[in-house]
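Now for the letters of each chain:
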Amino acid sequence: MDIFWENTLMILEGLGASLYMTLFATLFAYVLGLPLGVLTIITGRDSILPAPRLHSVLGWVINIGRSIPFIILMVALIPFTRFVVGRATGSTAAIVPLVVAAAPFVARMVETSLEEVDPGVVEAARTMGATTWQIIYKVFLPESVPSLIRGASITTITLIGYSAIAGAIGAGGLGDIAIRFGYYRYQDDIMIYTIVVLVVLVQIIQSVFNFTAKKIDKRSV
């Protein structure tokens, strides 16, 4: 029983570290990715602030950011991570590469969500004299909230997977526990526990975001 409670406490501690990395990385990724996605959509050729060259550059930046495998990105960013947080290992340090990896992904998700907004609604706002900023925060963002929420669920779940990878190379969390105990020490029960916890966590997150999106979506009323 003592071993059971020790393992339970260890799993809970790892879960806390994984949630810490995921939640803060998601928050900061949206701080960077949301404006980037909005800027990408409004600078399109037929959008409200056409700037084809800037639009093309933003597209390249997003695509390049999404192309780099996370484990390679995490190692490559070690000097930058150490500069930002003062160290290259631990849960706090892992947030830096998680944000860098997720921000382009968020930007693309935001761009896709905003593309679903009815062009007629945007054109109506322009006809009534709305400014670019007013169209963004009174038309684009409100109309795409359900889609943005569903995109946030995908981003959060993706970052849970990234945090597990980060844990395997020094960030702590469930990934670290699975590798240290489940793999190196051949404790299959620990590996199974971490998998079950991750599966349950993903299901809870997906259900909460889906429920919220349905409640907000006016089309489902």
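One structure accompanies this document, and this report is about it. (Residues numbered from 1 in each chain as written. Predicted model: local features only at pLDDT ≥ 70, side-chain atom pairs only at ≥ 80, totals over all residues. Heavy atoms only, no water.)

**Observations concerning the overall build of the protein**
Quick reminder of the rule: For the purposes of this entry, the term helix denotes a DSSP run of H or I that reaches at least four residues, the term strand denotes a run of E that reaches at least two, and both are numbered from the N terminus. Exposure classes here rest on a 1.4 Å probe applied to the protein chains alone. A residue is buried below 20% of its type maximum, exposed above 50%, and partly exposed in between. The contact criterion used is simple: two residues touch if any of their non-hydrogen atoms lie within 4.5 Å. Residue-level accessible areas treat just the shown protein chains as cover; the underlying method is Shrake-Rupley with a 1.4 Å probe.
Looking only at helices and strands, the protein features 10 helices and zero strands. Reading the protein from its N terminus to its C terminus gives the helix and strand order α-α-α-α-α-α-α-α-α-α. Principal axes of the C-alpha set define a box for the protein whose edges measure 70 × 45 × 25 Å. Relative to its full complement of 221 residues, the protein shows a buried share of 41%. In the protein, once contacts between residues fewer than 6 apart in sequence are set aside, the share between residues at least 24 apart is 71%. By element, 68% of the accessible surface of the protein is carried by carbon and sulfur atoms, the whole surface being about 12,400 Å².

**Some thoughts on the packing of helix α4 (residues 78-85) against helix α5 (residues 91-115)**
The angle between the axes and the distance between the axes are what describe a pair of packed helices. Counted only if it meets this: The axes are straight lines fitted to the C-alpha atoms, using for helices just the contacting stretch, and the angles between their N-to-C directions are given from 0 to 180°. An angle below 35 degrees is treated as roughly parallel, one above 145 as roughly antiparallel, one from 65 to 115 as roughly perpendicular, and anything else as oblique. Take the far helix as your reference; a near helix turned counterclockwise from it by less than a right angle gives a left-handed crossing, and one turned clockwise gives a right-handed crossing. In this classification, Asp, Glu, Lys and Arg are treated as charged, Ala, Val, Leu, Ile, Met, Phe, Trp, Tyr, Cys and Pro as nonpolar, and every other residue, Gly included, as polar.
It is at 9 Å that the axes of α4 and α5 come closest, and there the two elements cross at 125 degrees. When the axis of α4 is compared with that of α5, the two are oblique. Viewed along their axes, α4 and α5 form a crossing whose handedness is right-handed. Seen from α4, the contacting residues are F80, T81, V84 and V85; seen from α5, they are T92, A93, V96 and P97. Of the residues that constitute the contact of α4 with α5, the class distribution is six nonpolar, two polar and no charged.

**Let's talk about the pattern of salt bridges**
Oppositely charged side chains are able to pair whenever their charged atoms sit close together. What counts is decided by this rule: For this analysis, a salt bridge means a side-chain nitrogen from Lys or Arg found within 4 Å of a carboxyl oxygen belonging to Asp or Glu.
All told, the structure shown has two salt bridges when counted by the stated rule. Notably, a salt bridge pairs R108 with E111, separated by 2.4 Å at the nearest N-O pair. Placement of the pair is R108 and E111 together in helix α5, with a separation of three residues, close to one helical turn. For R180, the salt bridge identified is with D176, shortest N-O distance 2.9 Å. Highlighted residues: R180 and D176, both in helix α9 (residues 174-183), separated by four residues, approximately one helical turn.

**Brief notes about the nonpolar core**
Worth spelling out the cut-off: Nine residue types can take part in a nonpolar core, namely buried Ala, Val, Leu, Ile, Met, Phe, Trp, Tyr and Cys, and a core is a set of them joined through side-chain atoms within 4.5 Å.
In terms of nonpolar packing, the biggest core is built from 33 residues, with I42, I48, V110, V122, I135 and F140 touching the most fellow members. Within the residue set of this core, elements represented by two or more residues are α1 (2-42), α3 (70-76), α5, α6 (119-127), α7 (132-143) and α8 (145-171). A total of nine residues in this core trace back to one element, the largest contributor, which is α5. When neighbours within four sequence positions are excluded, I42 is seen to be in contact with S47, I48, L49, P50, T132, I136 and F140. Residues M10, I11, I190 and L201 belong to the second largest nonpolar core, which totals 10 residues.

**Here we look at helix α2 (residues 52-67)**
Quick reminder of the rule: An expected span of 1.5 Å times one less than the residue number is assigned to each helix. The directions considered for the arc are those from the helix axis to the C-beta atoms.
Compared with an ideal rise of 1.5 Å per residue, which puts 16 residues at 22 Å, α2 spans 22 Å between its outermost C-alpha atoms and is within 8% of the ideal. L58, G59, I62 and G65 are the residues of α2 that are buried. All buried residues of α2 lie within an arc of 135 degrees about the axis, which places them on one face of the element. Exposed side chains of α2 directed beyond 90 degrees from the buried face belong to R53, W60 and S67.

**Thoughts on the side chain of T22**
The topology assignment puts T22 in helix α1. The contacts of T22, once residues within four sequence positions are left out, are T156, L159, I160 and S163.

**Notes on the packing of α1 against α9**
Two numbers describe how α1 lies on α9: the axes approach to 7 Å, and their chain directions differ by 140 degrees. Taken together, the axes of α1 and α9 lie oblique to each other. Mapping the contact onto sequence places M10, I11, G14, L15 and S18 in α1 and L174, I177 and F181 in α9. Considered class by class, the residues forming the contact of α1 with α9 number six nonpolar, two polar and no charged.

**Observations concerning a nonpolar patch on the surface**
In plain terms, the rule: The patch calculation keeps residues exceeding 30% relative accessible area without a salt bridge and links them within 9 Å when they carry like charges or within 5 Å when they are nonpolar (Val, Leu, Ile, Met, Phe, Trp, Tyr).
A surface patch of nonpolar side chains, about 800 Å² in accessible area, is lined by W60, I64, I68, I71, I72, V75, I78, I165 and I169. Where the nonpolar patch is concerned, the elements lending two or more residues are α2, α3 and α8. With respect to the helices and strands, the residue I169 is situated in helix α8. The exposure class of I169 is partly exposed, given its relative accessible area of 37%.

**Topic: the environment of Q187**
In this fold, Q187 is placed in the loop between α9 and α10 (188-216). The class for Q187 is partly exposed, based on a relative accessible area of 25%. What Q187 contacts, discounting residues up to four positions off in sequence, is F181 and G182.

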